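Observations on the model geometry
The residues making up each chain are set out below.
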There are 2 protein chains.
Amino acid sequence: MYVPPRTSLRDWPMLCGMGIINAEKSEFNEDQAACGKLCIRRCEFGIEEDQEWLTVCPEEFLTGHYWALFDGHGGPAAAILAANTLHSCLRRQLEVVVEGMMAAQPPMHLSGRCVCSSDPQFVEEKGIRAEDLVIGALENAFQECDDVIGRELEASGQVGGCTALVAVFLQGKLYVANAGDSRAILVRRDEIRLLSSEFTPETERQRIQQLAFTYPELLAGEFTRLEFPRRLKGDDLGQKVLFRDHHMRGWSYKQVEKTDLKYPLIHGQGRQARLLGTLAVSRGLGDHQLRVLDTDIQLKPFLLSIPQVTVLDVDQLALQEDDVVVMATDGLWDVLSNEQVALLVRSFLTGNREDPHRFSELAKMLIHNTQGKDGGASGEGQVSYDDVSVFVIPLSSQAQESGGH
Amino acid sequence: MYVPPRTSLRDWPMLCGMGIINAEKSEFNEDQAACGKLCIRRCEFGIEEDQEWLTVCPEEFLTGHYWALFDGHGGPAAAILAANTLHSCLRRQLEVVVEGMMAAQPPMHLSGRCVCSSDPQFVEEKGIRAEDLVIGALENAFQECDDVIGRELEASGQVGGCTALVAVFLQGKLYVANAGDSRAILVRRDEIRLLSSEFTPETERQRIQQLAFTYPELLAGEFTRLEFPRRLKGDDLGQKVLFRDHHMRGWSYKQVEKTDLKYPLIHGQGRQARLLGTLAVSRGLGDHQLRVLDTDIQLKPFLLSIPQVTVLDVDQLALQEDDVVVMATDGLWDVLSNEQVALLVRSFLTGNREDPHRFSELAKMLIHNTQGKDGGASGEGQVSYDDVSVFVIPLSSQAQESGGH
């Protein structure tokens, strides 16, 4: 069943493709998407009524594009709130720093008035560029949005959380901000480039174990901080088994004590890995009320709402016509590798050059390939039972459109 | 002034080259070095007198090679202790896990007796390899050595700390463990590969700010956790200035408050960057008693004694005759780039193929190039006023020598 992406955005960027499918594991789709034009007011002069999205962006606005995917868990509430809120948080955060973004190098003082004549030199020595302000705005927007979601969920008596993957095209650069296990890749004729990395209990093991080491009370005596190859049991007592602690990337042996038999803070491998036996991701928005089943142990202290931001300098890319960015929730990447997706993208775009809707068709085709109905192009016939959402963003049209700014 | 490396090792690996120079900024050399054969007892059977280093290694011993550089600060005491102690800690840590290292895959239980028939499967799923035990042993050895140094310094009323860069050749692999700002690189005919990265207040900014955020009392109200382009002063009050906090890789603006005028937790750029106005490195051994001048603020909570370990699979390298690893303290890298060092290494080795002492001569030549007496090969004539220590390790002879094991 195809469902339209839930979005209140008036100005859908015509040139990107989008597909979303509900695996029907829940009544409402836990995947949510949003995209639209981002209009950032360049001066405080003449503030009128607050307009969420402007279709006409006059000179005093800096314009960009925004795409976002949210993969909910524990219900769709957090994902819906994020889809309705994050772009406003981002716009607000960007408006705070937009003056600095317009300069060749952000000034030490936002007023532009140097307190100290060597201020520009310090900014240069620290290597601070305009793009660092956009990165900072994305980081702060995720935090602000997480606070909003926490308040809204509490006020409405709802629960849940979501991952967030955001792409913003601004001033010739594509910023990809990720908190969770969605993924964005750049697909070109002869290159695949990762634009995000995943944050799961496994990839963030040391950060999570470190927190439990610092605040052991967070585990309430119910979990062990240590990692073992499998959960230990009575028979293991007194034996020397493989383990690792927060400070270790390598492994060592320790003699099993009774406390090691507790349930592990992080347990399982790959897609089965869980934080406190509960969550498969270690970053995202929401989950303020989430507790381990039948306990008072909170998940939130272990979760980060901060994204990792990567920057793609599109203006420096020597763009080719079919260069696209593919953003998708884990439902896609669980069954198709980056290489398989790139093969599908390249062959589809080469074969459908004249179709004006080819990016939308491509997004739907990628989703179709996760449903295993005809074995898919991969021939392996892996099937996704998860919600799947995909954006296909053609870079050449973004770059052309923004040429005037 | 050339001084022999301070080492108690009986069995100097003949084939590597070593140079060390005292910049005479202190009476005793703050750079210390150690190297030798590492003999790891393979079974507990027949433990006799404890021998630090064995020149004859019979069958029941696994042998490797060990090289280490320690760059001291606040006096040579910690560096001397580390040079005398770390190899023993490492040998002890390796002996604990050596049984597991000899297996194709380390067993879940050190006894080899499976408690659960699927134990090997869990070890495989976690991707645990024999080399992970060596990495774990190096991580634990650094911690153990740091504890020993803390006790010894206190007992003898001495002070000081040191960085530590260790290379271990074992079972066809080179392990490089680094805590501090020394560096190891692989130089081949057509490749330069970094084998370590530096740990300084700048490279570890987020970890250090995070700790100050978690435990604000560590700053005793004397420092600000935030980073600014320069130290703020009264004139900046009320202005919006660039800053970043622990959760940010990007930058943002904030209105300056009185508390922002305090001295920054991390201040300065590049070689001038300092932690709490005191230390230029953020990892290393020792410094248990170090406090910020005229205060009770301790440095140690912000320092890590854990190294980052990289593994070079020498057996997979298709070794060429002149492939070498260059290990050196920051005195070398401050004035010569990786590329400049690689050029010097390649031209020297090509021109001195017959010299049996060519690796020692090369190490001395590299040090000579930091003294700027004749402008150096770089032509830029940069001069190091720091102690400089260099190991040049030819990989082909290590691999040959270990062929029998």
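Residues numbered from 1 in each chain as written. Chains lettered and ligands numbered in written order. Predicted model: local features only at pLDDT ≥ 70, side-chain atom pairs only at ≥ 80, totals over all residues. Heavy atoms only, no water.

**Considerations on the overall build of chain A**
If you tally the helices and strands in chain A, you get eight helices and 17 strands. Expressed as a percentage of contacts within chain A between residues at least 6 apart in sequence, the contacts between residues at least 24 apart total 69%. For chain A, the exposed area adds up to about 17100 Å²; of that, 49% sits on carbon and sulfur atoms. (Helix = DSSP H or I, 4+ residues; strand = E, 2+ residues; numbered from the N terminus. Contact = heavy atoms within 4.5 Å. Areas by Shrake-Rupley, 256 points an atom, 1.4 Å probe, with all protein chains shown as cover.)

**Details of the pattern of salt bridges**
Applying the stated criterion across every chain yields a total of 52 salt bridges over all chains. The shortest N-O distance in the salt bridge between Arg271 of chain B and Asp334 of chain B comes to 3.4 Å. Taken together, the positions of Arg271 of chain B in the loop between β12 (266-267) and β13 (274-275) and Asp334 of chain B in the loop between α5 (330-333) and α6 (338-351) put the pair 63 residues apart, joining distant regions of the chain. Its relative accessible area of 51% is what places Arg271 of chain B among the exposed residues. The partner of Glu321 of chain B in a salt bridge is Arg353 of chain B, with the nearest N and O atoms 3.9 Å apart. Pair noted here: Glu321 of chain B is in the loop between β15 (308-313) and β16 (324-328) and Arg353 of chain B is in the loop between α6 and α7 (358-368), with a separation of 32 residues, a long-range link. Take Glu321 of chain B: its relative accessible area is 46%, and that puts it in the partly exposed class. When its relative accessible area of 38% is taken as the criterion, Arg353 of chain B is described as partly exposed. Several salt bridges converge on common partners, so that one network encompasses Lys126 of chain A together with Arg205, Glu227 and Arg244 of chain B. (Salt bridge = Lys/Arg side-chain N within 4 Å of Asp/Glu carboxyl O. Buried < 20%, exposed > 50% of the residue type's maximum accessible area, 1.4 Å probe, protein only.)

**Digging into the relation of the copies chain B and chain A**
Related by rotation about an axis and a shift along that axis, the two copies of the chain form a pair. Taken as rigid bodies, chain B and chain A are interconverted by a rotation of 180 degrees and an axial shift of 0.0 Å, the fit giving an RMSD of 0.0 Å. In the structure described here, the two chain copies are related by an operation that fits a two-fold rotation axis. Residues of chain B ranked by C-alpha distance from the rotation axis are headed by Thr214 of chain B, positioned 4.5 Å from it. Taken as a fraction of all interface residues of chain B, those also at the interface in chain A reach 100%, which identifies the copy contact as same-surface. (Least-squares fit on C-alpha atoms with pLDDT ≥ 70 in both.)

**Some points on the sheet that holds strand β7 (residues 191-194) of chain A**
Residues and elements named next belong to chain A. Spatially, the five strands line up as an open sheet ordered β1-β17-β16-β6-β7, and their pairing is antiparallel. Two strands in the sheet have a free side with no partner beyond their single neighbour: β1 (17-21) and β7. Each strand of the sheet is rotated relative to its neighbour by a mean of 15 degrees, with strand direction disregarded. Pairing of strand β6 (residues 183-188) with β7 involves four bridges; the strand directions are antiparallel. Looking at the pairing, Arg188 lines up with Glu191 of β7. (Pairing = 2+ DSSP bridges. Axes fitted to C-alpha atoms, helices over the stretch in contact; angles between N-to-C directions.)

**Some points on the packing of aromatic side chains**
Residues and elements named next belong to chain A. Summed over all chains, the structure comprises two aromatic pairs over all chains. Taking 5.9 Å as the distance between ring centres and 85 degrees as the angle between the ring planes, the aromatic pair formed by Phe223 and Tyr263 counts as edge-to-face. Of this pair, Phe223 sits in strand β8 (residues 223-224) while Tyr263 sits in strand β11 (residues 263-264), and the two are 40 residues apart along the sequence. Assessed through its relative accessible area of 10%, Phe223 is described here as buried. Looking at Arg283, its charged tip hangs above the ring of Phe199, at a distance of 3.9 Å from the centre. (Phe/Tyr/Trp six-rings, centres within 6.5 Å; stacked < 30°, edge-to-face > 60°. Lys NZ or Arg CZ within 6 Å of the ring centre and 35° of its normal.)

**What to know about the sheet that holds strand β6 (residues 183-188) of chain B**
All names here are of chain B. Taking strand neighbours across the sheet as the criterion, the five strands line up as β1-β17-β16-β6-β7 in an open arrangement whose pairing is antiparallel. Looking at which strands have only one partner, the edges of the open sheet turn out to be β1 (17-21) and β7 (191-194). Looking at each pair of strands side by side, their axes are set apart by 15 degrees on average, direction ignored. Of the strands in this sheet, β6, β7 and β16 are in contact with α6, which crosses β6 at around 45 degrees.

**A word on the interface of chain B and chain A**
Each side of the interface is counted separately: chain B has 48 residues, and chain A has 48 residues. For the interface between chain B and chain A, the tally reads four salt bridges. Between Arg230 of chain B and Asp119 of chain A there is a salt bridge whose closest N-O contact spans 2.6 Å. For the interface between chain B and chain A, the tally reads 26 residue pairs in polar contact (both at pLDDT 80 or more). (Polar contact = N/O pair within 3.5 Å; in protein donor to acceptor, adjacent residues only side chain to side chain.)

**Section: the packing of helix α1 (residues 77-102) of chain B against helix α3 (residues 130-156) of chain B**
The relative placement of two packed helices comes down to the angle between their axes together with the axis-to-axis distance. All names here are of chain B. The geometry of α1 relative to α3 is characterised by a closest axis approach of 7 Å and an angle of 145 degrees between their N-to-C directions. For α1 against α3, the interelement crossing comes out right-handed. Here the contact of α1 with α3 is composed, by residue class, of 21 nonpolar, four polar and three charged. (Left-handed = near helix turned anticlockwise from the far one by under 90°. Nonpolar A, V, L, I, M, F, W, Y, C, P; charged D, E, K, R; others polar.)

**Section: α7 of chain B**
Among all positions of α7 of chain B, only Arg358, Phe359, Leu362, Ala363, Met365, Leu366 and Ile367 of chain B are buried. Elements that come into contact with the buried residues of α7 of chain B comprise β1, β16, α5, α6 and β17 (388-394) of chain B.

**Focus: unusual backbone geometry**
Residues and elements named next belong to chain A. Unusually for a residue other than glycine, Leu276 sits at a positive phi of about 50 degrees. Among the secondary structure elements, Leu276 is positioned in the loop between β13 (274-275) and β14 (285-286). Judged by relative accessible area, Leu276 falls into the buried class, the value being 1%.

**Quick word on the state of the cysteines**
Per the counting criterion, the structure on display carries zero disulfides over all chains. Not part of a disulfide, Cys145 of chain A finds its nearest cysteine sulfur in Cys89 of chain A, a span of 4.7 Å. The thiol sulfur of Cys114 of chain B is not disulfide-bonded, and the nearest other cysteine sulfur, from Cys116 of chain B, lies at 7.9 Å. Classification of Cys114 of chain B by relative accessible area gives partly exposed; the value is 42%. (Disulfide = S-S within 2.5 Å.)

**Regarding the environment of Ser182 of chain A**
All names here are of chain A. As for its position among the elements, Ser182 is in the loop between β5 (173-179) and β6. Residue classification places Ser182 among the buried residues on the basis of a relative accessible area of 0%. When the C-alpha atoms of Ser182 and Ala33 are compared, they prove to be 12 Å apart, with 149 residues separating the residues in sequence. Excluding residues that lie within four positions of it along the chain, Ser182 makes contacts with Thr163, Leu165, Ser196, Glu198, Ala328, Thr329 and Asp330.

**Side note on the packing of helix α6 (residues 338-351) of chain A against helix α7 (residues 358-368) of chain A**
Residues and elements named next belong to chain A. At a minimum axis distance of 10 Å, the contact between α6 and α7 shows a crossing angle of 145 degrees. Crossing geometry of α6 relative to α7 is assigned as right-handed. Where α6 abuts α7, its residues Val341, Leu344, Val345, Phe348 and Leu349 lie against Arg358, Phe359, Glu361, Leu362, Met365 and Leu366. Residues that form the contact of α6 with α7 fall into these classes: nine nonpolar, no polar and two charged.

**So, the confidence of the model for chain A**
Residues and elements named next belong to chain A. This prediction gives chain A a mean pLDDT of 88; 86% of its residues lie at or above 70. Within the model, the stretch residues 1-14 combines pLDDT values under 50 with 40 contacts to residues more than four positions away or in other chains. Interface scoring of the predicted complex returns ipTM 0.88; its pTM is 0.89. (pLDDT = per-residue confidence, 0-100.)

**Brief notes about the environment of Leu232 of chain A**
Looking at the secondary structure, you find Leu232 of chain A in the loop between β8 and β9 (240-243). Residue classification places Leu232 of chain A among the buried positions, given a relative accessible area of 5%. For the pair Leu232 of chain A and Leu261 of chain A, spaced 29 residues apart in the sequence, the C-alpha separation amounts to 5.2 Å. Not counting the four nearest positions on each side in its chain, Leu232 of chain A is found in contact with Val241, Val256, Asp260 and Leu261 of chain A together with Met108 of chain B.

**Section: the environment of Pro229 of chain A**
Structurally, the position occupied by Pro229 of chain A is in the loop between β8 and β9. Residues Pro229 of chain A and Trp333 of chain A, 104 residues apart in the sequence, show an inter-C-alpha distance of 25 Å. Once you skip the residues sitting within four places of it in the chain, Pro229 of chain A turns out to touch Leu242, Trp251 and Gln269 of chain A together with Met108, Phe122, Val123, Lys126 and Ile128 of chain B.

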